[in-house]
Every structure is written in structure tokens, then in C-alpha cells.
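# Analysis of the macromolecular model
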Amino acid sequence: MLASLIIVFREVLEAGLIIGIVLAATRGVPGRGRWVTAGIVGGVAGACLVAAFADVISDQMEGTGQELFNAAVLLTAVVMLAWHNAWMARHGREHAAEMRAVGRAVETGERPPQALAVVVGAAVLREGAEVVLFLTGIASADGGGAVQLALGSAGGIALGALAALLIYKGLLNIPVRHLFTVTSWLITLLAAGMAASAMAYLTQAGVVSIGGEELWDTRFLLTDQSLAGQVLHILVGYTDRPSALQAAAWVAVVAGITLLTRLARPQPPASSVPAE
Amino acid sequence: MRRLLAALLVAAPLGVAGSALAADGEFTVVIKDHKFQPATLEVPAGQKLVLIVENQDATAEEFESTDFKAEKIIGGGRTARVNVAPLKPGTYKFFGEFNMETAQGTLIAK
């Protein structure tokens, strides 16, 4: 039971942290609970579908289907995260007025696009497919341990939900005028980490052969296998031995999203200086 | 006869080290009873590798390593190719995430 709990928890932790950040980033947006739930439900349904067709997917593109699929899902999430940040930069404000701005946006009928619901769905789909494959394998092999398996899995999911709650509550402690800046950065770093992960899949698929060499080794500081390492991996894309390609993708996404949000910010009116 | 002996002498240490050469740079690992066979693999450092992982179990396994980047789910009875970027000399662990107590392996890059 403990084994299945740990395995399921490791898989859902990523989705849990992302859900917590998304909830904090959309605080004050009416109806966001519905959209996040829709993302989760859609992700679970998608995960079952992906798991059912795992072999078919894997066989595509000369056996690289699984890696390409994972990379595609990750990069889609990167685009969604960038879109969300750009939208918030255009329609939000930098200081205490942020909450009111979102409220005002709602009055005028504008709402942040449901890009983050897609991000939630993508995360749940990726991790959920692995959980489903793990569970169906164990269940078919060891019929007698079904109760243990169910309990362990439920426990793992509960811990993942706890992680979501912890990060959400933790972020809500931030004063409102800073909350959107902080969540905007968290979203940028989340996207950068996902881009780096996508690069690892593409390297594994043999689709890219450049930049595979290890840049540095920080295992002495924090290992990928530790819990803190895994949390940091999800939040900022930390990996103890990044490849050059991963580091380049990370930097490119941070720079790209930062530039995008700068550009998206509304420009001050040109005629602010009265004519002489 | 001497050539055969010579070939066997060359092949024997390779067999002991457990590096099953398929094609150049390709190495095969079998998953059986939730264990890797061979559990230790010698590979050349500094060149691209392809690990051919054959899952002879009935259930899926997630072939994974944080030491060299690899993460692939391999269905029961299926075989997968995993590309590994050139490795520095050293020891690299890999595991089957769905059966971590038993599915543990090591790559030794020389």
C-alpha cells in the first residue's frame, strides 16, 4: 500500500502544485473554480484515453510517439501560460488596483481566457496517464491486493491535493498588490521548467541531437530524487544535471514571456504632455 | 578452431560485463519479473547511446533515470528505444518507477 501511495503521490504532485498556483493566480476571477474543475475532469478523462491508447501512441513516429506527445503537451502548456501572463499584463494593473481591475474587467465582460484551465488539464493528463497505467498494471497482476492498491492510490492523490492546498494558502498570504506579480513570475518559471522538460523528451526521442551535454552537476546541493528537488523541479524547472539544450530553452522562455508581458502592457496615452 | 577460441575469449568478458551489443551504440536491457537483465551495463562514454528496453513482463513499466535523462513507459510485452546523450565517465543508475524495490540497474560509462 505504501509503495502505491508513494508512486501515485510522486506523479500527482506536479499536477497538485500547478493547480495550487493556478488557483492563486486567478483569485478574484468569478467562476474560476468551475474552470479549474473542468480542467481537472477533462485531464482525468484524457488520462484514461491516453493510457488506453498508450501502445498506439508509443508506436507512432518510429517509436518516439510517447516522447513527442509529452513534449507537445508540455509546450502547449507553455504557450497557455505565456498567453495568460500577457493577458493579465494587458488587462491588469501593477498595484493594489489589480483586484479591482479584475473585478472591473468582469463588469465589462472581459475575463482572462481559460488558458489556465488548459494548463491544469494538460498537467492532470500527463501525470494521470502514468497513474492509470501503473494502477491497471498492478491491478491485473495482483488481484488480491486491490484494496491495498485503492487505499494507497487514494492516499497518494490526497497528498497531492494537500500540496495544492498548501501552495494555494501559502500564496494567499502575499499582500494583494504583490500577489499578481508573484504569481506572474511563478507562471513564467513554471513555463520555463516545462520547456526544459520538453527538451529532455525530444532529446530522448532522438529528434534533437544538439545540446545534449551536461552543463553542470549540482547534486551536492539538491538531488532530483529528493522531495525538495522534485518540488523545485516543478516550480522552477530545477534539475541537478541540466543539458545545454534544457538550459537554453529555460532562458529563452523566461526572456520570451517577460518580453511578451512588457509588450502587452497598455501604453500610456501619447498626449499626456499638454501642448505649449 | 583458434579463431573460434579467440572470438570466445573476446566475447566472454563482454558477456560478464553485460553489455549486449545490438548495433553500434545500441544496448539491450530486458525487464523480467520486475528486474533488469542485465542489472549492470557497461557503455562507452562520450558517445550517443540507444538503450533498447524489452519489457518481458505482462504489465507496463516506467523506465526512468535521473542520472541520465530518461523517462518512458513501456507496455507489457513491448520494446522501446531510449536515446541517451553522450555520458561522462561514471556510474548512472536507472530504475523502473512502478517497481522500485526490485527494478534497479546501473550504467557504467567508461
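All of the points below concern the structure found in this document.

Rules used in this analysis
Residues numbered from 1 in each chain as written. Chains lettered and ligands numbered in written order. Predicted model: local features only at pLDDT ≥ 70, side-chain atom pairs only at ≥ 80, totals over all residues. Helix = DSSP H or I, 4+ residues; strand = E, 2+ residues; numbered from the N terminus. Buried ≥ 20, exposed ≤ 12 C-beta atoms within 10 Å, placed from the backbone. Contact = placed C-beta atoms within 7 Å. Core = buried A, V, L, I, M, F, W, Y, C linked by C-beta atoms within 7 Å. Nonpolar A, V, L, I, M, F, W, Y, C, P; charged D, E, K, R; others polar. Pairing = 2+ DSSP bridges. Axes fitted to C-alpha atoms, helices over the stretch in contact; angles between N-to-C directions. Expected span 1.5 Å × (residues − 1).

### Concerning the overall build of chain A
- When helices and strands are counted, chain A shows ten helices and zero strands.
- Taken from N to C terminus, the helices and strands of chain A fall in the order α-α-α-α-α-α-α-α-α-α.
- Per-residue burial over chain A gives 44% buried out of 276 residues.
- Considering only contacts in chain A between residues 6 or more positions apart, those separated by 24 or more positions represent 83%.

### Structural notes on the overall build of chain B
- Secondary structure summary: chain B contains one helix and nine strands in total.
- Walking chain B from its N terminus toward its C terminus, one meets helices and strands in the order α-β-β-β-β-β-β-β-β-β.
- Of all intrachain contacts in chain B linking residues separated by at least 6 positions in sequence, the fraction that spans at least 24 positions is 55%.

### Some remarks on the nonpolar core
- Residues A:V119, A:A191 and A:A195 are the most contacted members of the largest nonpolar core, which totals 97 residues.
- Not counting residues within four places of it along the chain, the set of residues in contact with A:A195 comprises A:L75, A:V78, A:A249, A:W250 and A:V253.

### Description of the interface of chain A and chain B
- With 24 residues of chain A at the contact, the number on the chain B side is 21 residues.
- For the side of chain A that touches chain B, a count of residues per class yields seven nonpolar, twelve polar and five charged.

### As for the pairing of strand β6 (residues 70–74) of chain B
Residue and element names in this part refer to chain B.
- Of all five residues making up β6, four are buried, and the element is well covered by its neighbours.
- One ladder, built from five bridges, connects strand β5 (residues 61–65) with β6; its direction is antiparallel. Bridge pairing in β6 places F63 opposite K72.
- A loop of four residues connects β5 with β6, the two strands running antiparallel in sequence.

### Observations concerning the sheet that holds strand β1 (residues 26–32) of chain B
Residues and elements named next belong to chain B.
- What the four strands build is an open sheet, ordered β2-β1-β4-β7; its pairing is mixed. A strand with exactly one partner marks an edge of an open sheet, and here the two such strands are β2 (35–37) and β7 (79–84). Shown here is a sheet whose adjacent strand axes are inclined to one another by a mean of 30 degrees, direction ignored.

### Comments concerning helix α7 (residues 146–172) of chain A
- Taking 1.5 Å as the rise per residue, α7(A) with 27 residues should run 39 Å; its terminal C-alpha atoms sit 39 Å apart, in good agreement.
- Three or more residues of α7(A) are buried, namely A:L149, A:G152, A:S153, A:G156, A:G160, A:A163, A:A164 and A:I167.

### Describing the pairing of β5(B)
All names here are of chain B.
- With four of its five residues buried, β5 lies for the most part within the structure.
- Two strands pair when backbone bridges link them, and β5 and strand β8 (residues 90–96) are joined in this way by two bridges, in the antiparallel orientation. Pairing of E64 across the sheet is with F95, part of β8.

### Some remarks on the environment of A:A122
Residue and element names in this part refer to chain A.
- Among the structural elements, A122 can be located in helix α6 (residues 115–141).
- The spacing of A122 and L221 is 99 residues in sequence and 30 Å in space, taken between C-alpha atoms.
- Those residues within four positions of A122 in sequence are excluded, and the remaining contacts are V73, T76 and A77.

### Looking at the environment of A:F69
- As for its position among the elements, A:F69 is in helix α4 (residues 65–91).
- As for A:F69 and A:A198, which are separated by 129 residues in sequence, their C-alpha atoms are 9.6 Å apart.

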